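A structural walkthrough
One-letter residues, chain by chain:
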Amino acid sequence: MARALRPVRGTHDLFGDDKRRFDHIVVTARSIAAAYGYAPMATPTFEFTEVFRRTLGETSDIVTKEMYTFASGSGEEVTLRPEGTAPVARALVSGGRLQVLPARLFYDGPMFRRERPQKGRMRQFHQVGIELIGEPSPVGDVEVIAAGARLLKELDLADSVVLRLHTLGNSASRDRYRSALVGYLDQRREGLSADSRRRLDRNPLRVLDSKAPEDRQVANEAPRLLDFLDRESADFFAAVRHHLDALGISYEIDPMLVRGLDYYMHTTFEFVTDRLGAQGAVLAGGRYDGLTERMGGPALAGTGWAAGIERLALLTGDALPAATRPVLVACISAAATAQALLCAETLRNMGLATELALQGSLKRQLRHADRIGARAAVLLGDRELEAGLALVRDLDTGQQSEVPFALLPNHLSEISSNG
Ligand code: ATP
Ligand code: MG
């Protein structure tokens, strides 16, 4: 097929039920965010590359190989956002919105990563996410996890996922651990995958969540970060667990859960499923105190998560709220056009979804009504126009009645309220 007729690899078009399923996830997430006091906001789709390079880390997978970077018109280097947290934090600082902290923010939108496309892994994908910025307490982490759990429950996915929890500790604990880990991995270097041998020098913690089988065994026998936590870090993690327990949110401690980005510290978590192969993470996040400092801004605490809408959609399967069924106003003769237009507008004034059919025989228009799942059809031809009425067909019962123009809105409201 001509290139101009093809979607780019790793991108998708959405129609019909697929789009409705997608929107349902966004709407559900937005309403749950609102229930926790998170206000919707939006950031641009591209940012100066520095926003990501400085925060995600020079050695992260995203920065080393997944970013779509290009020159902006003014010669600066910009990047299509691969994630939402750094832009949200950037926006809070650039907008001078630091008087009212903590800030509770919700976003949704497309993200871009140059990845190898697979089921549940795209180059343009979409996320919903929340960020709690300016809240240093471990209770903040519990709040965002609870909101995530509630979203998954609301989408009927509570039984399809488990919550994995870990901590990276503060930077002192992490540094101590890193040296111990590098010492250990150095001895096992021969047994590691080529990727992990590279990670060993640049980003050794990443070896722990490598998916390569040869790395798994090395990782399983590695020293545990949890044994290297200092007092502050251990207390922080204990508080997170305590409050999760108090809320009855169950979790598994996963010592391999290190997340790929430099900005994380203390709490990290992922809700994972075993139903999507290697694409198991559906909602993931953690604490990122100091992220704004990395961009040259003030030091702010922060915690939050993002969920991949396409992965959630794959899991929710066929479950979908019922679609609104429109009324079809079918114009059978050219002379009835003006009346049909007017009639459709009147029905819309009443709050009824109304579609106008301007061409084709009566039979064709009724077939169209069927295809779009219309609840009723209003048929207007020369005979009806002359008599000042319309033929209304209830498409579920097949019943037909002649209804004067003035009574159409009420008549159709009644039909539409029955399914
Ligand atoms: P993975 O380990 O699957 O690569 P990740 O750690 O890179 O995930 P995050 O950066 O934490 O993912 O993004 C949060 C969520 O966004 C993920 O849990 C997932 O649901 C979704 N996501 C991430 N990358 C993609 C992608 N390329 N396509 C579709 N969804 C994605
Ligand atoms: Mg990834």
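What this report covers is the structure whose coordinates are included nearby.

**Details of the overall build of the chain**
Scanning the chain for helices and strands turns up 15 helices and 16 strands. Taken over the C-alpha trace, the chain has a radius of gyration of 28 Å; the compact-globule value for 419 residues is 22 Å, which it surpasses by more than 25%. Scored against the burial criterion, the 419 residues of the chain give a buried share of 47%. Taking as baseline every contact in the chain between residues at least 6 positions apart, the subset at least 24 positions apart corresponds to 68%. With the model as given, the accessible surface of the chain reaches about 20,400 Å², and the carbon-plus-sulfur share is 50%. Charge-centre separation for the chain: the mean point of 52 positive side chains lies 4 Å from the mean point of 54 negative side chains.

**Points about the sheet that holds strand β16 (residues 400-404)**
The strand order across the open sheet built from five strands is β13-β12-β14-β15-β16, with neighbouring strands paired in mixed fashion. Bordering the open sheet on either side are β13 (354-357) and β16, each of which pairs with just one other strand. Ignoring which end each strand starts from, the neighbouring axes of this sheet average 25 degrees apart. Direction of pairing for strand β14 (residues 376-380) relative to strand β15 (residues 389-394): antiparallel, over a ladder of four bridges.

**Regarding the site of ligand 1**
R113, E115, R121, M122 and R259 are the nearest of the 16 residues found near ligand 1. For ligand 1, a nitrogen atom lies 2.6 Å from a polar atom in the side chain of E115. Within the side chain of R259, an N or O atom sits 2.6 Å from an oxygen atom of ligand 1. When ligand 1 sits alone it has 590 Å² of accessible area, and the protein chains cover 87% of it. Elements supplying a minimum of two residues to the shell around ligand 1: β6 (124-133), β10 (281-287) and β11 (302-308). For the shell around ligand 1, the per-class residue count stands at seven nonpolar, three polar and six charged.

**Things to note about the sheet that holds β10**
Reading across from one edge, β1-β5-β6-β11-β10-β9-β7-β8 is the order of the eight strands in this open sheet, with mixed pairing throughout. For this open sheet the edge positions go to β1 (39-40) and β8 (252-253), each flanked by a neighbour on one side alone. Taken together, the 10 bridges between strand β5 (residues 103-112) and β6 define a ladder with antiparallel strand orientation. Each residue of the ladder has a partner; that of M111, found in β6, is F125. Sitting on the sheet, helix α1 (residues 16-35) is in contact with β1, β5 and β6, with an inclination near 165 degrees to β5. Helix α5 (residues 138-154) rests against β5, β6, β7 (162-167), β9 (265-272), β10 and β11 of the sheet, and its axis sits at about 15 degrees to β11.

Each value, and the rule that gives it
- Residues numbered from 1 in each chain as written.
- Chains lettered and ligands numbered in written order.
- Predicted model: local features only at pLDDT ≥ 70, side-chain atom pairs only at ≥ 80, totals over all residues.
- Heavy atoms only, no water.
- Helix = DSSP H or I, 4+ residues; strand = E, 2+ residues; numbered from the N terminus.
- Rg over C-alpha atoms; globule rule 2.2 N^0.38 Å.
- Buried < 20%, exposed > 50% of the residue type's maximum accessible area, 1.4 Å probe, protein only.
- Contact = heavy atoms within 4.5 Å.
- Areas by Shrake-Rupley, 256 points an atom, 1.4 Å probe, with all protein chains shown as cover.
- Lys, Arg positive; Asp, Glu negative; His and termini not counted.
- Charge placed at Lys NZ, Arg CZ, Asp CG, Glu CD.
- Pairing = 2+ DSSP bridges.
- Axes fitted to C-alpha atoms, helices over the stretch in contact; angles between N-to-C directions.
- Near = heavy atom within 4 Å.
- Polar contact = N/O pair within 3.5 Å; in protein donor to acceptor, adjacent residues only side chain to side chain.
- Nonpolar A, V, L, I, M, F, W, Y, C, P; charged D, E, K, R; others polar.

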